[in-house]
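Residue strings, one per chain:
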Amino acid sequence: MSIYVYIPTGHKFPRLVFSQRTGHRLSAMVSFKISVLTLTLCLLQGAGTSLIKLNTNGYEDVVIAIDPDLPEDENLIQEIKNMVSEASNYLYEATEKRFYFKGVSILIPATWQTKPNYEKPKLETYKNADIIIEAANPPGNVVPRTDQFGQCGEKGERIHLTPDIILGKKVDEYGPRGKILVHEWAHLRWGVFDEYNEEERFYQSEGKNVPVKCSEAITGTNGVHTCSRGSCSFRSCRTDPKTGKLNKDCVFIPDKAQNEKSSIMFMQSIESVVEFCTEKNHNRDAPNAQNQKCNLRSTWEVIQGSEDYKTSTPMTEAEPPSTNFSLKQIRERTLCLVLDKSGSMGNEDRLNRLNQASKLFLLQIIEKGSWVGMVTFDSSAYVESELVQIQPDAERNTLITKLPTVASGGTSICSGLRSAFTVIEKKFSTDGSEIILLTDGEDGSISTCFDQVKQSGAIIHTVALGPSAAKDLEKLSEITGGVKTAATDNAQNNGLIDAFSALSSGNGMITQRSIQLASEGATLKDGKWMNGTVIVDSTVGNDTLFLVTWTAQQPQTSVSDPSGKTYNNFLVDTNSKMAYLQIPHTAKDGIWTYNLKSSAQTLTLTVTSRAANSNVPPITVDSKMNKDKNTFPNPMIVYAQVHQGSLPVIGATVTALIESADGTTETLELLDNGAGADAYKNDGVYSRYFTAYKTNGRYSLKVRALGGENTQRSRPLVNGALYVPGWVENGEIKMNPPKPEISEDEIQGNIQSFSRTTSGGSFILSNIPANSIPDVFPPSQITDLEANVEDDHISLTWTAPGDDYDVGQAQQYIIKMSKEILKLREDFDTALQVNATDLIPKDANYKEVFVFKPENFTIENGTTIFLAIKAVDKANLTSPLSNIAQVSRFIPSPEELSSSPGTSVSTIVLSVVGSVAAVAIITSVTL
């Protein structure tokens, strides 16, 4: 049975049809209560690195992980295979026979039943998963999406899909699952963006309102769908008489039958669409993210500029080879500590600091149920402990007694690694095992065991201590997908403990993960105090530990909880110069105070905790740099993602502390303002350019985040497949179920204050001038230029760039306007310049407002004006072209004026359409 709504003959809209399957749900929007689900997967782990390789046109080592929170369903595994196989065919056709899916591993949760055909993972972990299959969060939010916060052409982080998409339950709304995966893959692998705009569905072109789409050949109907008291109707869109723009409730309904083949990044749900937009059919005028971030280039042009495209040639086969799937089930964690005790470890108190950090790791970081062994090495290797399973405290304490206490001899890293492999192989396969390798010494023979490391299937995390650690050390992490960290001899920065704190399991549930709340250090004068506070919020509190270290004599130490109760019963290890306090049960939420009084020496304080409730994900912070290695004068970008489950946390104060090889620290406030290095405003990803290069060598990143009264959860930012509201089929409009609404009250409600500290790993900088560093950094690109109307004036707003990217103050602005969008992009210098001589740039990241009246510029009704800006610094370095904003002149008709009292016939209104294009992204900045 179908329900028909009759549209009178001659009306431009076809009949409206609701199928029986969906009609009963259309009388009201689907309502639901937003709840923050337990998110068991790490979202952005700074340490997570994709394993994907392109091998003879085929993508290998693609990792798809199933969230342990999902109920066991063997059919889901088969449907994942079917989705990838379908996507492989679509991908092959869409890329002109260049790419397909060759090898895919599916990670199965440890909570699911074990089966003989499930292998043990090798390098595959949840941290480096490329695609996550997870429950809808908030409930009903099944939108396929990709974490993507870099610039145009930079790889994304990972794809998120829900079982409803995998099982093909949302074909009408989002299209075939194989095409959905191709859409998301283009985000992930090639850094292209969506070609629709749900915030601004229409724009004005030549005096008309047209849908934001690519290509323009896609056909359909504009209208408004409304339901009341069980009856639904579809009417024509209405125009705002003041601006000439269509009202916000107007939507574009595509025709079901189409001939146009592009574009996958606009509406992959259309059956005929099997290609990406090219330079020939790309709609440059549409105000979408692809135009805004990729300098008006089509998605296919961006893909052609990728390394994948440049290193491949088309195949000749009609269809791609079949995908090879492997099923791998998560097991208990197996780990071996490989610790340097060579002679140089006796310098700068390194051996003692190794003991402090290792003890914290064994007491607090390593998860219960894990298997842990220990190897030490100098010129040779020594097995200190075979694998033991961490259950009660006895095993932890026994391992602590095995830590090295004497430093002597040379450095043979490969000997330590080979011994670790032997220790692990006595009980398990080395596939998927982990090794934490700490060394401070030079060893030119590391490369001799690279092949053995590759074949082992083990993941090696490296900790480089001091300025002389082996140069090839990080290579071990790179070839195994491990974490790279570094610490200097500046004990006050607490770098070694931070490095070990970052080594929680990549496969554990996030509610079991150790979370660092604080990491502080100070060098005190005799009799002075190190006082401070730590916030324990309601999402954490279990297994809370306060750890204090010192370099000379034990300080006076006390900790007070929010009620004023004082704890001073620290357990003291005088040999390792450390003391720790384990808070019983669940620590009270609120502000905790610590007081340390000391003789002249260096003290550090570290506070860790775990989730208070296994059903509520804790607030977490994950940080990273955009590159592991870089050369001057290319800038670096710092990223920190603050979130609770999959919900972004906005309004926090986030600070990066970047320690150079010589032990000096640069402090940098990270911003979530959608300007400079930050791709999107209020997405919970805080970013900033880093240009304060000091010296060549290793640098380490630490990030602190504080939440206060302005901190709140926000809705997830969606870079993904477009929801289709309905279809025009055989002259009839068939509406899909309404897209579930997300409650702003519950999503954006204020959350408690919190404190977090996290390590973002290490990176290496080179080619830095030995003496003075020249001014080679231009102002950052302006990416948020907007236009508005004030009477007969145009008002422009944007975020001020700096003298060096997003730091400092620019010298001047150059503002140009044109009736042709390509004029600004391709010939900016000859475009008409706006008089902005009186406009003095503000400090970076402040809001700029500039109002002017167009002069010597004929504007007729329906005329569209495009505007763009460049910033210039004191060294006469110029920023890339800003995004291109557009405004259109609109003169209301007498009929429109009669419906809008008080508007003069002679009034000329310029209406904003929004940002439609952006500019050349700095090509050297890549993720």
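Residues numbered from 1 in each chain as written. Predicted model: local features only at pLDDT ≥ 70, side-chain atom pairs only at ≥ 80, totals over all residues. Heavy atoms only, no water.

Here's the deal with the overall build of the protein chain
Right, on to step 1. What the protein chain contains, in helices and strands, is 18 helices and 51 strands.
Right, on to step 2. In the protein chain, which comprises 927 residues, the share counted as buried stands at 60%.
Right, on to step 3. A separation of at least 24 residues holds for 77% of the contacts in the protein chain among residues at least 6 apart in sequence.
Right, on to step 4. Total accessible area computed for the protein chain in this model is approximately 35,700 Å², and 45% of it derives from carbon and sulfur atoms. (Helix = DSSP H or I, 4+ residues; strand = E, 2+ residues; numbered from the N terminus. Buried < 20%, exposed > 50% of the residue type's maximum accessible area, 1.4 Å probe, protein only. Contact = heavy atoms within 4.5 Å. Areas by Shrake-Rupley, 256 points an atom, 1.4 Å probe, with all protein chains shown as cover.)

Observations regarding the state of the cysteines
Right, on to step 1. Across all of its chains, the model carries four disulfides by this definition.
Right, on to step 2. Residue Cys227 pairs covalently with Cys232 via a disulfide, S to S 2.0 Å. Note on the Cys227 and Cys232 pair: the S-S dihedral is about 110 degrees, so by sign convention the disulfide is right-handed.
Right, on to step 3. Two residues share a disulfide in this structure: Cys237 and Cys250, whose sulfurs sit 1.8 Å from each other. The sign of the 70 degrees torsion about the S-S bond sets the Cys237-Cys250 disulfide as right-handed. Residue Cys237 is found in the loop between β14 (231-235) and β15 (251-254), and its partner Cys250 is found in the loop between β14 and β15; the two are separated by 13 residues along the sequence.
Right, on to step 4. When the cysteines engaged in disulfides are numbered in sequence order, the protein chain pairs them as 1-6, 2-3, 4-5, 7-8. (Disulfide = S-S within 2.5 Å.)

Quick notes on the side chain of Ser780
Right, on to step 1. Structurally, the position occupied by Ser780 is in the loop between β43 (754-766) and β44 (786-790).
Right, on to step 2. A relative accessible area of 2% means that Ser780 is categorised as buried.
Right, on to step 3. When near neighbours in sequence (up to four residues on either side) are disregarded, Ser780 contacts Gly676, Tyr689, Pro801, Tyr805, Asp806, Ser879 and Pro880.

Some remarks on the pattern of salt bridges
Any two side chains of opposite charge can pair, so long as their charged atoms come close to each other.
Right, on to step 1. What the rule picks out here adds up to 36 salt bridges.
Right, on to step 2. A salt bridge links Lys426 to Glu386, with the shortest nitrogen-to-oxygen separation between them at 2.9 Å. Of the two residues, Lys426 sits in the loop between α12 (413-425) and β20 (434-439) while Glu386 sits in strand β19 (residues 381-389), which places them 40 residues apart along the sequence.
Right, on to step 3. Look at Lys426 and you get exposed, because its relative accessible area is 58%.
Right, on to step 4. Glu386 sits in the partly exposed class, given a relative accessible area of 33%.
Right, on to step 5. Taken together, the shared-partner salt bridges connect Arg350, Arg353, Asp440 and Asp489 into one network. (Salt bridge = Lys/Arg side-chain N within 4 Å of Asp/Glu carboxyl O.)

Brief notes about the confidence of the model for the protein chain
Right, on to step 1. Chain-level statistics for the protein chain give a pLDDT mean of 88 and a share of 89% at 70 or above.
Right, on to step 2. Note that pLDDT drops below 50 for residues 1-48; the model gives that stretch 146 contacts with residues more than four away or on any other chain.
Right, on to step 3. pLDDT under 50 marks residues 896-927. Its contacts with residues more than four places away, or in other chains, come to 116 contacts. (pLDDT = per-residue confidence, 0-100.)

Quick notes on the sheet that holds β15
Right, on to step 1. Read from one edge of the open sheet, three strands run β14-β13-β15, paired in antiparallel fashion. With partners counted over all chains shown, the strands left at the sheet margins are β14 and β15, one partner each. Each adjacent strand pair in this sheet contributes to an overall mean axis angle of 45 degrees, direction not counted.
Right, on to step 2. One ladder, built from four bridges, connects strand β13 (residues 220-228) with β15; its direction is antiparallel. Bridge assignment links Gly220 to a residue of β15, and that residue is Pro254. (Pairing = 2+ DSSP bridges. Axes fitted to C-alpha atoms, helices over the stretch in contact; angles between N-to-C directions.)

Details of the packing of helix α10 (residues 350-365) against helix α11 (residues 393-400)
Right, on to step 1. One way to put it is that α10 packs onto α11 with a least axis distance of 10 Å and a crossing angle of 170 degrees. When the axis of α10 is compared with that of α11, the two are roughly antiparallel. Contacts between α10 and α11 pair Lys359, Leu362, Leu363 and Gln364 from the former with Arg396, Asn397, Leu399 and Ile400 from the latter.
Right, on to step 2. Class assignment of the residues belonging to the contact of α10 with α11 gives a composition of four nonpolar, two polar and two charged. (Parallel < 35°, antiparallel > 145°, perpendicular 65-115°, else oblique. Nonpolar A, V, L, I, M, F, W, Y, C, P; charged D, E, K, R; others polar.)

Things to note about the sheet that holds strand β31 (residues 601-611)
Right, on to step 1. One open sheet holds the five strands; their spatial order is β23-β31-β25-β29-β28, and the pairing between them is antiparallel. Pairing within the sheet leaves two strands with one partner each, and these edge strands are β23 (515-524) and β28 (571-573). The mean inter-strand angle of the sheet, taken between neighbouring strand axes irrespective of direction, is 15 degrees.
Right, on to step 2. Of the pairings in the sheet, the one linking β28 to strand β29 (residues 578-582) comprises three bridges and is antiparallel in character. By the bridge assignment, Asp573 is partnered in β29 with Met578.
Right, on to step 3. Where α10 meets the sheet, its contacts fall on β25 (540-550), β28, β29 and β31, and the angle it forms with β25 comes to roughly 165 degrees.

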